[in-house]
Amino acid sequence: MLFPTLTFGLFFLAVFTVTWAVRGSNEWRKILLLLASWIFYGAWDWRFVALLIASAFLNWSTAALIARSDRPAARKALLAFGVGANLAILGFFKYFDFFLEQAGILLTQLGFARDMPLMQVILPVGVSFFTFQGMSYLIDVAKKRVPPATLLDMTLLMSFFPHLVAGPIVRASDLVPQFQATPKLERGMVAMALLLIVWGLFKKAVVASELSVGLVDPVFFDPGAHSSLDLVIAAYGYAVQIYCDFSAYSDMAIGLAALLGYRFPRNFNQPYRAHSLQDFWRRWHISLSSWLRDYLYIDGLGGSRRGTFRGALNVLITMLLGGLWHGAKWTFVIWGALHGLVQMIETLWRKGKPGWAPSLPKPLAVLLTFHVVTLGWIFFRAETFDGAVAFIGGIGRGDWANTMTTPLYAGLILLGLGMHFTPPNMMEGIALQIRRLPWPLLGFGVGLAILLIDAMRYEGVAPFIYYQF
Amino acid sequence: MGKPHSQPHGHQDSPVDLPGSQFIGGRPLLWTTGTIFTAALFLLLTNAKTIHDWAVELEPSPTTIRIVEASERWQAMTDHLGLGAMRAHVHALWKQAQATRFGTEKAEGE
């Protein structure tokens, strides 16, 4: 069930009506939200609802045992078991065939060619998100940052449909206290939620879909058949597409959760106005980057406690694993390595820079950062490493004929980049105004905006890019 | 790895938390419900084509046949009243924008 569809719209109207109708009983409300979340997830594949429930039960029971145990060694062993079980789920569904393939290649090169027992494992939608959520909950309980949750709250935390398949990764410390209290609406929250939903719908259904189908997909499918100019514009096009696709999902998820009375954290903050790669990761997929920082870089690797170089190396390791989190492909690892290496260089340069060395003017730093990010996106989007190399090689051919870019695509790319340079609090300002409107007027405005978007949208709805992760 | 604006392991800020007084206007649930259902009613009246397109994509069954027939009748009725005109007009303008070329690029499907 995709957010920008009529099926989801009807589903959400029913969920909104039913859950607010039983607001007198918070427990019943949560049970209904849980059932709705399972229906939402089961629309893809009912078998994986069982996996979701089993995963929630595993994390809840392990955390309960950790909380009851006084012995540090036992707590550590239980934590290792819980994190290992989550990684096993993720590893089986996401990386099993990949590692077997790599083992097969290695054995062939060593002269021991074997047919590997590949299983063509189906990837459950959102498995990377809910296993990360489960792991952070276990670590937080073990480190006594959060108290253990009830089974209902834990299951709902992992299953709650607005964030279930593509984030934001909402932590127990943020959401469980909200589940424990009866949610309340207020007009500002609702006004912002409606704005986020409409804006997300526009970014996904109009900008991302149009660029994807007409420009990006055909060029990335066969880079050799396109001119250098086509390749450059398609690379910029993908930078805009992935931003408008993924941030749209986050915006809609935050908006939908808010209409049900819950607050999700911010996940994007105008990422292409970043002046360094470190700044970029403060603005892009914030819930993942903060998760990786807190649980992998600091808790797992020790952060920068053992010196600047070790800290920078830990950033590289974190980014490599962050790349692999996106999928079992070398192109993702290279994307992570590029981000890690550049951040390593930034850290070492910042610490060891001689006093006389000038800093790059901010507009130039923004431009440079954007192009490093776009270079990374080529690896992220390409099907294979060879495809990415062919794409970059094609840009160097110097054939500047335009065969793909129409005025509409050029306009959408400029719009997608331009939205990064609007005042950061613009949406907030609009929400503060529209919360004062009478409901018939606001309802008419929301309906009109959705109608206009629907008239412009590309026929059919492609899944969100981050569904595959 | 950049350090996000939030504190490590702490509460993360949400875009739906606006500054200033939370108590603008009374009965926020009624206000929200009214807004959402007004928008839904507006779309029901003006966007019958999308409803029909959605209906024909449903898995065939005796129920969906009835839904498709009802959506056809609904589209015919709203079109007759001119309620679908705005969507059709904007869609036509969008199609024009899609067809516009700088001059050298290939036409769609080539």
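The following refers to the structure shown. Just so we're clear, the structure is a prediction, and the values are computed from it rather than from any experiment.

Below, the discussion takes up the overall build of chain B. Broken down by element type, chain B carries four helices and zero strands. In sequence order, chain B lays out its α and β elements as α-α-α-α. Relative to its 110 residues, chain B shows a buried fraction of 36%. Sequence separation of 24 or more characterises 44% of the internal contacts of chain B that already satisfy a separation of 6 or more. As displayed, chain B has an accessible area near 6,800 Å², and 63% of this comes from carbon and sulfur atoms.

What chain A contains, in helices and strands, is 19 helices and zero strands. In terms of overall size, chain A behaves like a compact globule, its C-alpha atoms giving a radius of gyration of 23 Å where 469 residues would be expected to give roughly 23 Å. Considering only C-alpha atoms, chain A reaches an extent of 65 × 60 × 55 Å along its principal axes. With 469 residues in all, chain A has 59% of them scored as buried. Partitioning the intrachain contacts of chain A with sequence separation of at least 6 by distance along the chain shows that 78% fall at a separation of at least 24. Summing over all exposed atoms, chain A offers an accessible surface of approximately 18,600 Å²; the carbon and sulfur share of this is 69%. In chain A, 37 side chains carry a positive charge and 26 a negative one; their mean positions are 12 Å apart.

The next point concerns helix α1 (residues 6–21) of chain A. Helix length check: α1(A) (16 residues) gives 22 Å between terminal C-alpha atoms against 22 Å at 1.5 Å per residue, within 8%. Residues of α1(A) that are buried: Phe8(A), Phe11(A), Phe12(A), Leu13(A), Val15(A), Phe16(A), Thr19(A) and Trp20(A). Elements in contact with the buried residues of α1(A): α2 (26–42), α7 (161–164) and α10 (228–259) of chain A together with α1 (28–46) of chain B.

Looking now at the packing of aromatic side chains. All names here are of chain A. Counting across every chain of the model gives 50 aromatic pairs over all chains. When the ring of Phe280 is compared with that of Trp284, the centres are 5.6 Å apart and the planes differ by 15 degrees; the resulting orientation is stacked. The pair Phe280 / Trp284 is uniform in exposure class, with both members buried. Of note, Arg29 hangs over the ring of Trp20, and the distance from its end group to the ring centre comes to 4.2 Å.

Moving on, we come to the side chain of His420(A). Mapped onto the fold, His420(A) is located in the loop between α17 (407–418) and α18 (426–434). Of the polar contacts made by the side chain of His420(A), one reaches the backbone nitrogen of Tyr272(A); its length is 3.5 Å.

Our focus in this paragraph is a positive patch on the surface. On the surface, a cluster of positive charge is contributed by Lys76(A), Lys143(A), Arg305(A) and Arg306(A). Take Lys143(A): it is sitting in the loop between α5 (127–142) and α6 (151–159).

Calculation criteria
Residues numbered from 1 in each chain as written. Chains lettered and ligands numbered in written order. Predicted model: local features only at pLDDT ≥ 70, side-chain atom pairs only at ≥ 80, totals over all residues. Heavy atoms only, no water. Helix = DSSP H or I, 4+ residues; strand = E, 2+ residues; numbered from the N terminus. Buried < 20%, exposed > 50% of the residue type's maximum accessible area, 1.4 Å probe, protein only. Contact = heavy atoms within 4.5 Å. Areas by Shrake-Rupley, 256 points an atom, 1.4 Å probe, with all protein chains shown as cover. Rg over C-alpha atoms; globule rule 2.2 N^0.38 Å. Lys, Arg positive; Asp, Glu negative; His and termini not counted. Charge placed at Lys NZ, Arg CZ, Asp CG, Glu CD. Expected span 1.5 Å × (residues − 1). Phe/Tyr/Trp six-rings, centres within 6.5 Å; stacked < 30°, edge-to-face > 60°. Lys NZ or Arg CZ within 6 Å of the ring centre and 35° of its normal. Polar contact = N/O pair within 3.5 Å; in protein donor to acceptor, adjacent residues only side chain to side chain. Patch = residues over 30% accessible without salt bridge, like charges linked within 9 Å, V, L, I, M, F, W, Y side chains within 5 Å. Salt bridge = Lys/Arg side-chain N within 4 Å of Asp/Glu carboxyl O.

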